[in-house]
Amino acid sequence: MADIQPSQALFLADTPMLDARAPVEFGKGAFPTAVNLPLMNDSERHQVGLRYKEQGQQSAIELGHQLVSGPGKEARIAAWARFAQAHPDGCLYCFRGGLRSQITQQWLKSEAGIAYPRVAGGYKALRHFLMQSIEEALAQCQFVVVGGMTGSGKTDVLLQLDNALDLEAYANHRGSSFGKRASAQPAPIDFEHRLAIAMIKLRAQGHHWFALEDESRLIGACALPLALHQRMQSLPMVWLEDSRAGRVERILRDYVSGLSEEYLALDPRHGFERYRAHLLAALGKLVKRLGDQRYRQLLQLMETALARQEKDGVVDLHRAWIESLLTDYYDPVYAFQREAKRSRLLFAGKQAEVVDFLRQHRPQPMSMAQAPA
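The rules behind the values
- Residues numbered from 1 in each chain as written.
- Predicted model: local features only at pLDDT ≥ 70, side-chain atom pairs only at ≥ 80, totals over all residues.
- Heavy atoms only, no water.
- Helix = DSSP H or I, 4+ residues; strand = E, 2+ residues; numbered from the N terminus.
- Contact = heavy atoms within 4.5 Å.
- Areas by Shrake-Rupley, 256 points an atom, 1.4 Å probe, with all protein chains shown as cover.
- Lys, Arg positive; Asp, Glu negative; His and termini not counted.
- Charge placed at Lys NZ, Arg CZ, Asp CG, Glu CD.
- Pairing = 2+ DSSP bridges.
- Axes fitted to C-alpha atoms, helices over the stretch in contact; angles between N-to-C directions.
- Core = buried A, V, L, I, M, F, W, Y, C linked by side-chain atoms within 4.5 Å.
- Buried < 20%, exposed > 50% of the residue type's maximum accessible area, 1.4 Å probe, protein only.
- Polar contact = N/O pair within 3.5 Å; in protein donor to acceptor, adjacent residues only side chain to side chain.
- Parallel < 35°, antiparallel > 145°, perpendicular 65-115°, else oblique.
- Left-handed = near helix turned anticlockwise from the far one by under 90°.
- Nonpolar A, V, L, I, M, F, W, Y, C, P; charged D, E, K, R; others polar.

Draft legend 1. Here's a closer look at the overall build of the chain. Helix and strand content of the chain: 17 helices and 10 strands. If you line up the chain on its principal axes, its C-alpha atoms span 65 × 55 × 40 Å. Put simply, 71% of the contacts in the chain that link residues at least 6 apart link residues at least 24 apart. Total accessible area computed for the chain in this model is approximately 18,400 Å², and 52% of it derives from carbon and sulfur atoms. Taken as two groups, the 45 positive and 41 negative side-chain charges of the chain have centres that lie 3 Å from each other.

Draft legend 2. The sheet that holds strand S1 (residues 17–19), seen in detail. Spatially, 3 strands are ordered S2-S1-S3 in an open sheet, and the strand pairing comes out parallel. Of all the strands in the sheet, just strand S2 (34–36) and strand S3 (91–93) have a single pairing partner and so form its edges. Recorded for the sheet is a direction-independent mean angle of 30 degrees between the axes of neighbouring strands. In this sheet, S3 lies alongside S1 in parallel orientation, the contact comprising 3 bridges. Within S3, the residue paired with Asp 19 across the bridge is Tyr 93.

Draft legend 3. Summary view of the nonpolar core. Among the nonpolar cores identified, the biggest contains 41 residues, and Met 17, Phe 31, Tyr 93, Phe 143, Leu 165 and Leu 212 are the most heavily contacted of them. The leading source of residues in this core is helix H10 (residues 188–204), at 8 residues. What Phe 143 contacts, discounting residues up to four positions off in sequence, is Ala 137, Leu 138, Leu 165, Met 199, Phe 210, Leu 212, Arg 231, Leu 235 and Pro 236. With 29 residues, the next largest nonpolar core counts Ala 182, Val 248, Ala 282 and Tyr 329 among its residues.

Draft legend 4. Quick look at the environment of Asp 42. Mapped onto the elements, Asp 42 comes out in helix H3 (residues 42–55). Setting aside residues no more than four positions away along its own chain, Asp 42 makes contact with Ala 22, Pro 23 and Val 24. There is a polar contact of 2.9 Å between the side chain of Asp 42 and the backbone nitrogen of Val 24.

Draft legend 5. Structural context of the packing of helix H7 (residues 122–140) against H10. Taken N-terminus to C-terminus, the directions of H7 and H10 make an angle of 55 degrees; their axes are 9 Å apart at the nearest point. With respect to H10, the axis of H7 lies oblique. Crossing geometry of H7 relative to H10 is assigned as left-handed. Residue-level contacts link Tyr 123, Arg 127, Phe 129, Leu 130, Met 131, Ser 133, Ile 134, Glu 136, Ala 137 and Gln 140 of H7 to Ile 189, Glu 192, His 193, Leu 195, Ala 196, Ile 197, Met 199, Ile 200 and Arg 203 of H10. Residues that form the contact of H7 with H10 fall into these classes: 12 nonpolar, 3 polar and 4 charged.

Such coordinate-based values are descriptive only and should not be taken to indicate function.
Dropping the structure here:
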């Protein structure tokens, strides 16, 4: 069977992928539709790698066949066969498209009677294709950054657009000191893959410019591709405005009510304790910037609010620390940022006005002079 080349079609179709690499490799980065069904586990891979260094390829291959044999081999082939039968439109890959995927493909054919395609160049080639797609989008497409004070609803704006890149969704993090979600972030490489695939899909739908939220380089533990972050420093912006009261309510919805529900859904028994620890740790990150006295005042307000919420589910007391934190910390920072970015502003307004502006926005095609180097 002919190898499959990395292509847009694989990602546009959300092609199921059998990842034959070891679990430790898969954990460092894979693709959204990939399932890890390894030829060798981490220990076996380590042993074969040592043998390769010490005695060469043939000896390493012989050891691999010794380690993966008998019932263990049968179980792995059965798992591959179940995947292939469930996903006849799928494919398989290893790291470079070499021996591991060749052996997986051969055993599937000889032992299970299933001819299953593999990706030429494997994971490395697929990742290169995705990273190249980001570079191409940066060179060929226009972008507009959505800015605004903390809690102004920038994500809410993006959710109403067909051409938005929701960086915080791809990173599973809200992008602030309090932005951690109840569920884990993806591996940084997986974040890059999610972004690249989103770009591919939007471009395939005919979009040639994208809206994205103003972000720092890091969104939690996930880093924006350097070229994208550098480009964002000079992109045109729209600025989302809302009253402080409106922003307090939005933060209460997302960072208190919504976040506590996330933790409780994942762990009904200990979820509230984890949620409490999350908020207290997030506030603790700001102690140097707030100063000890102000931090202690906010800590007392937060602990009182948490005690009330745990007792009877009422979240009203959280408004006190939220409003104080906006007043004393976040708003002055963002006011300075807006002034520094004033020359880039295309528009400023309330949420409905910003959404309407972005829906009607038609940036001029990028000239060669405007294209990033």
